[in-house]
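Observations on the model geometry
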Amino acid sequence: MVVNTLAYIALLAVAFSLASASDPSPLQDFCVAVNDTNAAVFVNGKFCQDPKLATPNDFSFSGLRLPGNTSNQLGSIVTLADVAEIPGLNTLGISLARVDYAPYGLNPPHTHPRASEILTVLEGTLYVGFITSNPDNRLISKVLYKGDLFVFPQGLIHFQLNVGTTNAVAIASLGSQNPGVITIARAVFGSNPAISADVLTKAFQLDKDVVANLQSKFWTDNHIY
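Counting restarts for each chain, with residues numbered from 1 along the sequence as it is written. Per-residue local features are limited, in this predicted model, to residues with pLDDT of at least 70; the limit for side-chain atom pairs, both in listing and counting, is 80 or more; totals at the level of whole chains, interfaces and linings are taken over all residues. Computation of side-chain values: all heavy atoms of the structure, hydrogens and water removed.

The UniProt entry lists His110, His112, Glu117 and His158 under the feature "binding site: Mn(2+)" (unreviewed entry), expressed in the numbering used here. The largest pairwise C-alpha distance within this set of annotated residues, which runs over 49 residues, is 12.0 Å, so the set is compact in three dimensions. Starting at the N terminus, helices and strands are each numbered in turn, a helix being any DSSP run of H or I of at least four residues and a strand any DSSP run of E of at least two. Assignment of secondary structure puts His110 in strand S3 (residues 106-111). Exposure categories follow from relative accessible area, calculated using a 1.4 Å probe and restricted to protein chains: below 20% of the type maximum is buried, above 50% is exposed, and the middle band is partly exposed. Classification of His110 by relative accessible area gives buried; the value is 4%. It only takes one pair of heavy atoms within 4.5 Å for two residues to be counted as in contact. In this structure His110 touches Leu156, Ile157, His158, Gln160, Val181, Ile182, Thr183 and Ile184, once residues within four positions along its chain are discounted. Considering the arrangement of structural elements, one finds His158 in strand S8 (residues 158-162). UniProt positions are given in the numbering used here, feature names are shortened, and annotations may be inferred rather than shown by experiment.

Let's shift gears to the sheet that holds S3. Strands are labelled as partners when DSSP assigns at least two bridges between them. Taking strand neighbours across the sheet as the criterion, the five strands line up as S6-S5-S8-S3-S10 in an open arrangement whose pairing is antiparallel. Every other strand in the sheet has two partners, leaving strand S6 (139-144) and strand S10 (182-183) as the edge strands with one partner each. Judged from the five bridges that link them, strand S5 (residues 126-131) and S8 form a sheet pairing that is antiparallel. Note on S8: the bridge partner recorded for Val128 is Gln160.

With six of seven residues buried, strand S2 (residues 95-101) is to be regarded as a mostly interior element. Of the strand pairs in this sheet, strand S1 (residues 76-81) and S2 are connected by six bridges, and their pairing is antiparallel. Paired with Ser76 across the strands is Tyr101, a residue of S2. As defined by bridge partners, S2 adjoins strand S9 (residues 168-174) across seven bridges and the pair is classed as antiparallel. Residue pairing for S9: Val99 is matched across the bridge by Ala170.

What follows covers the pattern of salt bridges. The term salt bridge refers to a pairing of a side-chain nitrogen on Lys or Arg with a carboxyl oxygen on Asp or Glu at a separation within 4 Å. For the structure on display, the rule yields three salt bridges. For Arg98, the salt bridge is made with Asp100, and the minimal N-O distance between the two is 2.9 Å. Accessibility assignment for this pair places Arg98 and Asp100 in one class, buried.

Now for the environment of Asp58. Here Asp58 lies in the loop between helix H1 (2-20) and S1. With sequence-adjacent residues up to four places away left out, Asp58 is seen in contact with Gln49, Leu53, Ile86, Pro87 and Gly88. At a separation of 2.9 Å, a polar atom in the side chain of Asp58 contacts the main-chain amide nitrogen of Thr55. Throughout this description, a polar contact denotes any pair of N or O atoms lying within 3.5 Å of each other; where both atoms belong to protein, one of them has to be capable of donating a hydrogen while the other can accept it, and for residues adjacent in sequence the pair is counted only when both atoms sit in side chains.

So, on to the packing of aromatic side chains. Centres within 6.5 Å are what make two rings of Phe, Tyr or Trp a pair, Trp counting through its six-membered ring; a difference in plane orientation under 30 degrees is then read as stacked, over 60 as edge-to-face, and the rest as tilted. One pass over the full model with this rule turns up four aromatic pairs. Each ring, one from Phe130 and one from Phe150, has its centre 6.1 Å from the other, and the planes form 55 degrees; the classification is tilted. In this pair, Phe130 sits in strand S5 while Phe150 sits in strand S7 (residues 149-152), placing the two residues 20 residues apart along the sequence. Just as Phe130 is buried, Phe150 falls in that class too. Between Phe189 and Phe204, the aromatic rings sit 5.3 Å apart at their centres with planes inclined by 40 degrees, giving tilted as the arrangement. Residue Phe189 is located in helix H2 (residues 184-189), and its partner Phe204 is located in helix H3 (residues 197-204); the two are separated by 15 residues in the primary sequence.

With an omega dihedral of 5 degrees, the bond running from Asn134 to Pro135 counts as a cis peptide bond. Tracing the backbone shows Pro135 in the loop between S5 and S6. For the bond running from Asn192 to Pro193, omega is 0 degrees, close enough to zero to count as cis. Inspection of the secondary structure puts Pro193 in the loop between H2 and H3. In this model, Thr91 sits at a positive phi of 75 degrees, which is unusual for a non-glycine residue. Inspection of the secondary structure puts Thr91 in the loop between S1 and S2. Note on Thr91: relative accessible area 64%, which makes it exposed. Positive phi, normally seen in glycine, also occurs at Tyr104, with a value near 65 degrees. Take Tyr104: it is sitting in the loop between S2 and S3. Judged by relative accessible area, Tyr104 falls into the exposed class, the value being 54%.

In structure tokens, the structure reads:
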């Protein structure tokens, strides 16, 4: 009887361990398998140095102290503090970004494929929102003021618009050392190489001339800007 009970408990333990097992979240867009280890770069994240060699500079970043330059077509700029800027973030699953907005500046619709986000407004007034997945595609939006915060779930399209007449600043906390970003308009109309006009005209129900015009806004001399 005791043996049967122990065997049953062991079986349950194995079952629960299998039920909770999962692959780690990827930290890059893709990782093509290779058999030659000499051709490998990294599997997930970055290589680690000897902890004894760590210095304070591995865990600090001064790039968020100054306003970013918002003199661009969108009137916004994102300064990201991820593992590329702070090596000590490797394996910790977090990163941070400062977002500066000129009056009526826009952080355009985009997604983070590897992170949820909490946005906190430091200065100004922002209209923010995200769109839920198909089939509902609900817009969940709100006007935020200084000190307010808003959550953008992982992978969902979201945006921020400065609706004030003064500059605005926000801090975005992201749940990945490398959250990634896909800006919708630039990805679709500025892909390299360009998506076939036949695809875009049918997908967006637009005339080819309109598609060509939209693509031209993201291409200059065959370079995306």
